[in-house]
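A structural walkthrough
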Amino acid sequence: MEEHGFMNITKLMHCGVYALVRKGVVVYVGKSKQPLMRIFRHVSNRGKPLGQKMFGGYTSPAQDGKGIVFDTIWFLPCMLGQMGTLEVRFIKMFMPKHNVMHNPDLRPKPVPIPIPEDIRAILKQMITITGLPPLEDRPKVYIRRML
């Protein structure tokens, strides 16, 4: 069939890790048990505003409220138990701009909350109790059962 221009995409029927690429740069890495369905969602949402939930209550990852723009898809079939590990590995390797969870450069930085002076004064008066005995060292109480 390949001599007629067909491509074998049977591997997309199995779980695996995929990468969305734009102009040769990986912009998103994901994993899926049903890659055909997942990639369909990405293609459907490509560059569109994502205000409402779509396709069974799940939207594609977005930046600035729009679907990811990509021109190439890479797919690596793998065993179900390997998907998470491979996804994290490739996110750390490619540092895609749409993956926030495992990409330390994109993770929001914690903002310190200023503590008002009156609460700070109360906190200074509090006592921290440490060194309590473990629960096993406390005396056991037995309750007799009435038969």
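Our subject is the structure that appears above.
Residues numbered from 1 in each chain as written. Predicted model: local features only at pLDDT ≥ 70, side-chain atom pairs only at ≥ 80, totals over all residues. Heavy atoms only, no water.

Before going further, it helps to spend a moment on helix α2 (residues 83–94). The end-to-end C-alpha distance of α2, which contains 12 residues, comes to 16 Å, matching closely the 16 Å that a straight helix rising 1.5 Å per residue would cover. Where α2 is concerned, the buried positions are M83, L86, E87, V88, F90 and I91. Residues of α2 that are buried make contact with β1 (16–22), β2 (25–32) and β5 (72–77). Count one or two residues on from α2 and you reach M95, which has phi positive near 50°. (Helix = DSSP H or I, 4+ residues; strand = E, 2+ residues; numbered from the N terminus. Expected span 1.5 Å × (residues − 1). Buried < 20%, exposed > 50% of the residue type's maximum accessible area, 1.4 Å probe, protein only. Contact = heavy atoms within 4.5 Å.)

This brings us to the pattern of salt bridges. One pass over the full model with this rule turns up one salt bridge. Residue K31 is joined to E87 by a salt bridge in which the shortest nitrogen-to-oxygen separation is 3.8 Å. Here K31 is found in strand β2, whereas its partner E87 is found in helix α2, with 56 residues between them in sequence. (Salt bridge = Lys/Arg side-chain N within 4 Å of Asp/Glu carboxyl O.)

Attention shifts here to the sheet that holds β5. Spatially, three strands are ordered β2-β1-β5 in an open sheet, and the strand pairing comes out antiparallel. Each end of this open sheet is capped by a strand with a single partner; those strands are β2 and β5. Direction aside, the axes of adjacent strands within the sheet are offset by 20° on average. Two elements, β1 and β2, share seven bridges in a ladder whose sense is antiparallel. The partner of V21 across the bridge, within β2, is V26. Where helix α1 (residues 35–45) meets the sheet, it contacts β1, β2 and β5, and its direction lies at approximately 140° from that of β2. (Pairing = 2+ DSSP bridges. Axes fitted to C-alpha atoms, helices over the stretch in contact; angles between N-to-C directions.)

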